[in-house]
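# Understanding the architecture of this molecule
Now for the letters of each chain:
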Amino acid sequence: FMSNEYSNFFLTGSRKSGKSTVIREIMKCFPDRFSGFLTLPDQWSGQICTYKLVDILSNKEGPVSCWIGNEIEPVTETFDTLGIEVLEDYKRFPMVIMDELGRFERNCFSFIKKINEIADSDVLLLAALKKEDIGFINELKKRKDSIVWDLDEIGIDAAQTKVKYILAEKGL
């Protein structure tokens, strides 16, 4: 395939398949070439935790899930405020990293609109996608300008090699 046709690169796979590991490796290899966010564990209770969204550049953070009784619920306001703020300046860098996109934001339409704006742009998008049937994620995967790698099928090493090769080829 010709990588010129593609500007959106998606990693998917089951939980713990290595999506974030690949993204952290890419961040090390291409420092200062990206903006975006990471979703990191926040509050643990036994084996289960809530998550927070962290701006890669400023380290500003906000919760994307919280405990309500015994259930973890999404905190949608964070996507529609901090999430959009993080992505607002996406043209300043050649690449945007989103780790990860999943179910908590599936009804955050302003945030999803911003993701699609970036996917439509010339800026490279590298994102980890939750491996679930989620409408806006399914749409991203179907785009003609996207490549999707499933880490359950190809593994971490092959994914890292492929992403590094394409980004280098694109002059990152």
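For the structure given in this document, a descriptive report is provided here. These figures come from a predicted structure and were not determined experimentally.

Moving on to the pattern of salt bridges. Enumeration over the complete set of coordinates arrives at 15 salt bridges. Across the pair Lys142 and Glu139 runs a salt bridge, and its minimum N-O distance is 3.2 Å. With a gap of three residues between them, Lys142 and Glu139 both fall in helix α4 (residues 135-142), about one helical turn apart. Salt bridges sharing common partners tie together Lys19, Glu100 and Lys130.

With respect to the helices, strands and loops of the structure, Asn8 is situated in strand β1 (residues 8-13). Looking at Asn8, its side chain comes within polar contact range of the main-chain oxygen of Ala119, at 3.1 Å. Here Asn8 is in contact with Ala119, Leu125, Arg143, Asp145, Ser146 and Ile147, once residues within four sequence places are set aside.

Let's shift gears to the packing of helix α2 (residues 76-88) against helix α3 (residues 109-120). Axis separation between α2 and α3 bottoms out at 8 Å; the angle between their running directions is 15 degrees. Judged by the angle between their axes, α2 and α3 are roughly parallel. For the element pair α2 and α3, the recorded crossing hand is left-handed. Here Phe79, Asp80, Gly83, Ile84, Leu87 and Glu88 of α2 come into contact with α3, specifically with Phe109, Ser110, Phe111, Lys114, Ile115 and Ile118.

Here we take up the state of the cysteines. Enumeration over the complete set of coordinates arrives at zero disulfides. Not engaged in a disulfide, the cysteine Cys49 finds its nearest cysteine sulfur in Cys66; these two sulfurs lie 13 Å apart. The exposure class of Cys49 is buried, given its relative accessible area of 6%.

In terms of nonpolar packing, the biggest core is built from 28 residues, with Leu87, Met98, Leu101 and Phe111 touching the most fellow members. Breaking this core down by element, the ones donating at least two residues are α2, β7 (95-101), α3, β8 (124-130) and α4. If sequence neighbours within four positions are ignored, Met98 has contacts with Ile23, Phe37, Leu87, Ile115, Ile118, Leu125, Leu126, Ala127 and Ala128. With 24 residues, the next largest nonpolar core counts Ile26, Met27, Ile147 and Val163 among its residues.

Its place among the elements puts Ile72 in strand β6 (residues 71-74). As for Ile72 and Tyr51, which are separated by 21 residues in sequence, their C-alpha atoms are 9.7 Å apart. What Ile72 contacts, discounting residues up to four positions off in sequence, is Ile48, Cys49, Thr50, Ser65, Cys66, Trp67 and Phe104.

With that out of the way, let us pick up the sheet that holds β7. In space, the seven strands of this open sheet follow the order β4-β3-β2-β7-β8-β1-β9, with mixed pairing throughout. Strand pairing shows two members of the sheet lacking a second neighbour, β4 (61-63) and β9 (146-150), which therefore form its edges. The sheet shows a mean angle of 20 degrees between the axes of neighbouring strands, taken without regard to direction. Pairing of β1 with β9, which is carried by five bridges, proceeds in the parallel orientation. Counterpart to Thr12 in the pairing with β9 is Asp150. In this fold α3 packs onto β1, β2 (34-45), β7 and β8, with an angle of close to 140 degrees to the strand it touches most, β7. Across the sheet, helix α5 (residues 151-169) lies against β1, β7, β8 and β9, angled at about 140 degrees from β9, the strand it touches most.

Basis of the calculations
Residue numbers run consecutively from 1 along every chain, following the written order of its sequence. Under the rules for a predicted model, residues below a pLDDT of 70 receive no local features and side-chain atom pairs below 80 are neither given nor counted, while totals for whole chains, interfaces and linings still include all residues. Note: side-chain values were computed over all heavy atoms of the structure, leaving out hydrogens and water. When a carboxyl oxygen of Asp or Glu lies within 4 Å of a side-chain nitrogen of Lys or Arg, that pair is called a salt bridge. Strands are runs of DSSP state E lasting at least 2 residues, helices are runs of H or I lasting at least 4, and numbering of each runs from the N terminus. Polar contact is defined as a pair of N or O atoms within 3.5 Å, subject to the rule that within protein one atom must be able to donate a hydrogen and the other to accept it, and that residues adjacent in sequence are counted only when both atoms are side-chain atoms. In this analysis, two residues are considered to be in contact whenever any of their non-hydrogen atoms come within 4.5 Å of each other. To get an axis, fit a line to the C-alpha atoms, keeping to the stretch in contact for a helix; angles then go from 0 to 180 degrees between the N-to-C directions. Here roughly perpendicular refers to angles of 65 to 115 degrees, roughly parallel to angles under 35, roughly antiparallel to angles over 145, and oblique to all remaining angles. The sense of a crossing depends on the near helix, which, turned anticlockwise from the far helix by less than a right angle, makes the crossing left-handed and, turned clockwise, makes it right-handed. Pairs of cysteine sulfur atoms within 2.5 Å are identified as disulfides in what follows. Note on exposure labels: buried denotes an accessible area under 20% of the residue type's maximum, exposed denotes more than 50%, and partly exposed covers the range between, all computed with a 1.4 Å probe on protein chains only. Nonpolar cores were defined as sets of buried Ala, Val, Leu, Ile, Met, Phe, Trp, Tyr and Cys residues, with membership established by side-chain atoms within 4.5 Å. At least two DSSP bridges between two strands are needed for those strands to be called paired.

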